[in-house]
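# Survey of secondary and tertiary structure
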Amino acid sequence: MPPLTKTRAFHSPAAHGFVRVAAATPVVHTADPAANADEHIALIGQAGAQGVDLIVFPELSLSGYAIDDLLMQGALLDEVERQIARVAEAADAARLIAVAGAPLRNGDALYNCAVVLGSGGVLGVAPKTYLPNYREYYEKRWFAPAASRSEDAIVLGGETVDFAPGLIFEAANRPGFVFAIEICEDFWAPQPPSTAGAMAGALILCNLSASNIVVGKADDRETLCASQSMRCQAAYLYSAAGPGESTTDLAWDGQASIHELGRRLAQTDRFPAKSEMAIADIDVGRLRLERLRTPTFNDAA
């Protein structure tokens, strides 16, 4: 009998109910969307070479978070939209889905958004639900909350796509590859949008964050990621802004982690000097079975 041949399909995690995900913390170039896109593209290339299906970047990753009133500059916002197209092309070439952070205009308002990129274009845009405006945060100075939008569509690159919180993204050819998005402060609210996303069927919950670091906050993030992944019977991807973010009055540690059912699968080093990426395989088959076996979850859904 001839020796068995190892086929790529059989040995792929996808063949056994896994989705390979990455939480990335690129080096930030303040108010320089083209340079930030370069960092995204480099990480997307690395992720694609490692078989990643979904990569999540931090909040406002294409512009930088702590750039204050530069967020209202037309030239910067125009450049962000141009660079979204570049990152979308890179995601298509790497055969993965990328979720990047961007300030985007819709109507006469500016929104803090997660942009889902794949198949060479934008698949949808989720604006931030809860805007922090306390202590060191001033987001209502620049952004409108998701609830204030007057349209459920946005035009990017000449294409009209869905524009709303709570969007659910599902791969047509990958059972269980279903994800939802929330952005930073959404995670700290008493009723995070990711809870509704999980009850609507999302098995992978993504958080684009620019959370600054203070004493003890890393432990708080770890607790929230673990508990939300356990309570929602899901995986939770978290990516916070890292090296290069403006240090005018805050510090940034680039914490990124991946949890599944309360257990941390991967994390990056904090306070890195370069771009970092945590990668893990999510057992979406297991997650689906856990929900199937838990009447409480389905009663809530």
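Below is a summary of the structure that appears in this document. (Residues numbered from 1 in each chain as written. Predicted model: local features only at pLDDT ≥ 70, side-chain atom pairs only at ≥ 80, totals over all residues. Heavy atoms only, no water.)

### Quick look at the packing of helix 2 (residues 33-49) against helix 3 (residues 74-94)
Which entries qualify depends on this criterion: The axes are straight lines fitted to the C-alpha atoms, using for helices just the contacting stretch, and the angles between their N-to-C directions are given from 0 to 180°. What counts as a helix is a DSSP run of H or I of at least four residues, what counts as a strand is a run of E of at least two, and both are numbered from the N terminus. For this classification, under 35 degrees means roughly parallel, over 145 means roughly antiparallel, 65 to 115 means roughly perpendicular, and everything else is oblique. For any helix crossing, the convention is left-handed if the near helix is rotated counterclockwise from the far helix by under a right angle, and right-handed if that rotation is clockwise. The contact definition used throughout considers only heavy atoms, calling two residues in contact when any of these lie within 4.5 Å. Any residue that is not Ala, Val, Leu, Ile, Met, Phe, Trp, Tyr, Cys, Pro, Asp, Glu, Lys or Arg is counted as polar, Gly included; the first ten are nonpolar and the last four charged.
Here helix 2 crosses helix 3 at 15 degrees, and the two axes come no closer than 9 Å. Taken together, the axes of helix 2 and helix 3 lie roughly parallel to each other. When you trace helix 2 past helix 3, the crossing you get is right-handed. Of the residues in helix 3, those touching helix 2 at Pro33, Ala34, Ala37, Asp38, His40, Ile41, Ile44 and Gly48 are Leu76, Glu79, Val80, Gln83, Arg86, Val87, Ala90, Ala91 and Ala94. Grouping the constituent residues of the contact of helix 2 with helix 3 by class yields 11 nonpolar, 3 polar and 3 charged.

### Details of the pattern of salt bridges
Spelled out, the test is: By definition, a salt bridge exists where a carboxyl oxygen of Asp or Glu is found within 4 Å of a side-chain nitrogen of Lys or Arg. To sort residues, take the accessible area from a 1.4 Å probe on protein chains only and compare it with the maximum for the residue type: under 20% means buried, over 50% means exposed, and anything in between is partly exposed.
Taken as a whole and assessed by the stated rule, the structure comprises 15 salt bridges. Of the charged contacts, one joins Arg141 and Asp69 as a salt bridge, the two residues approaching to 2.8 Å between their closest N and O atoms. Pair noted here: Arg141 is in the loop between strand 5 (121-127) and strand 6 (153-156) and Asp69 is in the loop between strand 2 (54-56) and helix 3, with a separation of 72 residues, a long-range link. We classify Arg141 as exposed; its relative accessible area is 58%. A relative accessible area of 40% means that Asp69 is categorised as partly exposed.

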